[in-house]
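Understanding the architecture of this molecule
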Amino acid sequence: MNRQKLHRESHQTYVWFREAAERGNAYAQFNLGLLYKKGEGVERNDAAAFRWLRQSALQGLAFAQNHLGAMYYHGRGVEACDAESARWFRLAADQGDASAQQNLGHMYRKGRGVKQDHERALSWYYRAAEQGVASAQNLLGECYLHGLGAAINYPLAMAWFRKAALQGDAPAQLNLGQMVKRGQSVDASDTQALYWFRQAAAAGERGAQRQLGLAYADGLGVKADPRRALAWLQRAANHGDREAQFVLGTMYAEGRNAERDEPRALEWYLRAAQKGHIGAQYNLANMYAHGAPCDPARAFDWYRRAAEQGAPNAQFNLGVIYANGQGVERDEVRAAHWYGLAANQGDASAQNNLGVMHASGQGVVQDDRRAVYWYAQAAEQGHALAQYNLGGMYNSGRGVTRDPVRAYMWMLLAADGGDATANVNKTIVARRLSPSEIGHAIDLSHKWQLSHRETRRQGGQRRTAWVRSAFAWSGQR
């Protein structure tokens, strides 16, 4: 009964607005447009909504101009057009419409319909924020946080986030919590950060739900609780948060805060990977390459997707796949290409393998100097096999002036780093050196170790698809 009454009243409202709109009343035209847009009292009709909102906007009604700009932006009832969207937002914004001011700021921030201009974006956000629009206050805070349109200013960012957060704006509550967690403009406090994360999470902000889950997982600002950690992370993940999906995949894969479950890990990695999460794409590829079910074709596809997004570990693995012809036709040129991309990002294993390709002329023009360069890049990161290969170049004088002492130094470092071949050969190499030369090489290796303590602490090599150069260590001095 009540529904019928509401429907009848809605239709009567529609009839009244229709009659007034046809007489030229701008406010009635605006309201009639909204009824068509929302489907209240009349069947939803975006084309009719656009037509009536446009008539109202042409009479100068700012509300209608802002809504008309939104319809152009989203392509509702009219073909999408950023230039027209920006034009109508500006007309409304110039009249002081706060929502239009925020929308125009977006257009400048994204460079849609206007030339990208972060300073103008900030200016329009500021006008809307001064009128108390919480979402604009949050956007203004982000400008100061990231230095968009103004210098980075943490106190100002926090002030605007706090204003919006106190109005209940969930994105601002998340941003405020993250600033408190990182100690930006205030003393870092996991407990205070958790307060804001809870507020935002309760409002459905998925990023805050993820942060809350991580807090329970790691015991940050609250007692560790694996059950609650999983619950909040799953909420965020089910709302489409790809980072939460990745974290869940990692937890199930490693059995951390959850019972180890590879099928579930695969499921969550897949969901995050499909949203473009690079880490999930790489881990998913690893599962298809080495786990059950083993699927080399899918492994290759996900390595490729991660590699094309710039993941050096995936680029390295693609190089290995092409170099060895694993599930694809062997292609040394492509192998060198992917090794090169990873090497230029500092991947030590790729640097070593690229050095071998230059030394042997596989997939690239043979160039001993380039080989030495890449071996040295990897060796300086503590890559034991690269140290062995670099020592071989010094021993044979390929691409560098022959230096048996430096060759032995790199051999000692490689052996100390766990390279079995270097450990066997170092005794052979030492036989060809004088006691003073051996002492000098040992001193050089100790100096290197002292200056690379952090590298050695971090640099245990995690992959095994490295290439060893074929050096004749028994050559004459």
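Residues numbered from 1 in each chain as written. Predicted model: local features only at pLDDT ≥ 70, side-chain atom pairs only at ≥ 80, totals over all residues. Heavy atoms only, no water.

Focus: the overall build of the chain
Counting its secondary structure elements, the chain contains 26 helices and zero strands. Here the chain has a C-alpha radius of gyration of 32 Å; the compact-globule value for 477 residues is 23 Å, and the former is much larger. Seen through its C-alpha atoms, the chain measures out along the principal axes to roughly 105 × 50 × 50 Å. Going through the 477 residues of the chain one by one, you find that 47% of them count as buried. Restricting to contacts in the chain with at least 6 residues of sequence separation, those with at least 24 account for 49%. The chain carries 57 positive and 44 negative side-chain charges, and their two centres are separated by 1 Å. (Helix = DSSP H or I, 4+ residues; strand = E, 2+ residues; numbered from the N terminus. Rg over C-alpha atoms; globule rule 2.2 N^0.38 Å. Buried < 20%, exposed > 50% of the residue type's maximum accessible area, 1.4 Å probe, protein only. Contact = heavy atoms within 4.5 Å. Lys, Arg positive; Asp, Glu negative; His and termini not counted. Charge placed at Lys NZ, Arg CZ, Asp CG, Glu CD.)

Remarks on the packing of helix α9 (residues 154-166) against helix α10 (residues 170-182)
Helix-helix packing: each pair is described by the crossing angle between the helix axes and the interaxial distance. Viewed as axis vectors pointing N to C, α9 and α10 meet at an angle of 140°, and their least axial separation amounts to 8 Å. When the axes of α9 and α10 are compared, the pair comes out oblique. Between α9 and α10 the crossing geometry is left-handed. Only Ala-172, Gln-173, Asn-175, Leu-176, Met-179 and Val-180 of α10 make contact with α9, whose side of the interface consists of Tyr-154, Ala-157, Met-158, Phe-161, Arg-162, Ala-164 and Ala-165. The class makeup of the residues in the contact of α9 with α10 is ten nonpolar, two polar and one charged. (Axes fitted to C-alpha atoms, helices over the stretch in contact; angles between N-to-C directions. Parallel < 35°, antiparallel > 145°, perpendicular 65-115°, else oblique. Left-handed = near helix turned anticlockwise from the far one by under 90°. Nonpolar A, V, L, I, M, F, W, Y, C, P; charged D, E, K, R; others polar.)

Focus on helix α5 (residues 82-94)
For α5, spanning 13 residues, the distance from its first C-alpha to its last is 18 Å, which sits close to the expected 18 Å at 1.5 Å a residue. All of the buried residues in α5 are Ser-85, Ala-86, Trp-88, Phe-89, Ala-92 and Ala-93. Buried residues of α5, viewed axially, fall in a sector of 170°; they line one side. Buried residues along α5 sit against α3 (46-58), α4 (62-74), α6 (98-110) and α7 (118-130). Once α5 finishes, Gly-96 follows within two positions and takes phi at roughly 95°, a positive value. (Expected span 1.5 Å × (residues − 1). Arc of directions from axis to C-beta.)

Notes on the pattern of salt bridges
Should their charged atoms come close, side chains of opposite charge can pair. What the rule picks out here adds up to 21 salt bridges. Connected via shared salt-bridge partners are Asp-301, Arg-304, Arg-305 and Glu-308. (Salt bridge = Lys/Arg side-chain N within 4 Å of Asp/Glu carboxyl O.)

With respect to the nonpolar core
The biggest cluster of nonpolar side chains holds 97 residues, and the ones touching the most others in it are Tyr-269, Tyr-303 and Tyr-339. The next biggest cluster of nonpolar side chains, apart from the first, holds 31 residues, and it includes Ala-378, Ala-386, Tyr-388 and Ala-414. (Core = buried A, V, L, I, M, F, W, Y, C linked by side-chain atoms within 4.5 Å.)

Examining helix α15 (residues 262-274)
When the terminal C-alpha atoms of α15 are compared, their 18 Å separation across 13 residues agrees well with the 18 Å that a helix rising 1.5 Å per residue should span. Every buried residue belonging to α15 is among Ala-265, Leu-266, Trp-268, Tyr-269, Ala-272 and Ala-273, and all of these are buried. Of the surrounding elements, those touching the buried residues of α15 are α13 (226-238), α14 (242-254), α16 (278-290) and α17 (296-308). The opening residue of α15 is Asp-261, an N-cap whose side-chain oxygen sits 3.2 Å from the backbone nitrogen of Arg-264. Once α15 ends, the next one or two residues include Gly-276, with phi positive near 95°. (Polar contact = N/O pair within 3.5 Å; in protein donor to acceptor, adjacent residues only side chain to side chain.)

Focus on unusual backbone geometry
Backbone geometry places Ser-185, a non-glycine residue, at a positive phi of 80°. As for its placement among the helices and strands, Ser-185 is situated in the loop between α10 and α11 (190-202). Phi is positive for Asn-257, close to 65°, though the residue is something other than glycine. Assignment of secondary structure puts Asn-257 in the loop between α14 and α15.

Describing the packing of aromatic side chains
Per the counting criterion, the structure on display carries twelve aromatic pairs. Plain terms: the ring middles of Phe-50 and Tyr-72 are 5.4 Å apart, the flat faces sit at 90° to each other, and that makes the pair edge-to-face. Residue Phe-50 is found in helix α3, and its partner Tyr-72 is found in helix α4; the two are separated by 22 residues along the sequence. The side chain of Arg-305 reaches across the aromatic face of Trp-302, ending 4.1 Å from its centre. (Phe/Tyr/Trp six-rings, centres within 6.5 Å; stacked < 30°, edge-to-face > 60°. Lys NZ or Arg CZ within 6 Å of the ring centre and 35° of its normal.)

A look at the side chain of Ser-56
By secondary structure assignment, the location of Ser-56 is in helix α3. Apart from the residues lying within four places of it in its own chain, the contact partners of Ser-56 are Ala-26, Gln-29, Phe-30, Leu-61 and Ala-64.

Quick look at the environment of Leu-444
As for its position among the elements, Leu-444 is in helix α25 (residues 435-451). Measuring from C-alpha to C-alpha, the distance between Leu-444 and Ala-299 comes to 43 Å, with 145 residues separating the pair along the chain.

Focus: the confidence of the model for the chain
Chain-level pLDDT for the chain is 92 on average; 93% of the residues reach the 70-or-more range. This stretch, residues 458-462, has a pLDDT under 50; its non-local contacts, to residues over four places away or in other chains, come to five contacts. Across residues 470-477 the pLDDT falls below 50, and counting only partners more than four positions away or on other chains, this stretch makes 23 contacts in the model. (pLDDT = per-residue confidence, 0-100.)

A word on the side chain of Gln-211
Here Gln-211 lies in helix α12 (residues 206-218). What makes Gln-211 buried here is its relative accessible area of 12%. The residues contacting Gln-211, other than those within four sequence positions of it, are Leu-174, Gln-178, Lys-181 and Phe-197.

Side note on the environment of Asp-46
One can find Asp-46 in helix α3. Not counting the four nearest positions on each side in its chain, Asp-46 is found in contact with Lys-37, Met-71, Arg-76 and Gly-77. Only 2.9 Å separates the side chain of Asp-46 from the side chain of Arg-76, close enough to count as a polar contact.

Side note on the environment of Gly-204
For Gly-204, the location among the structural elements is in the loop between α11 and α12. In this structure Gly-204 comes out as partly exposed when scored by relative accessible area, which is 37%. The spatial distance from the C-alpha of Gly-204 to the C-alpha of Arg-235 is 8.8 Å, given a sequence separation of 31 residues. When near neighbours in sequence (up to four residues on either side) are disregarded, Gly-204 contacts Gln-209 and His-239.

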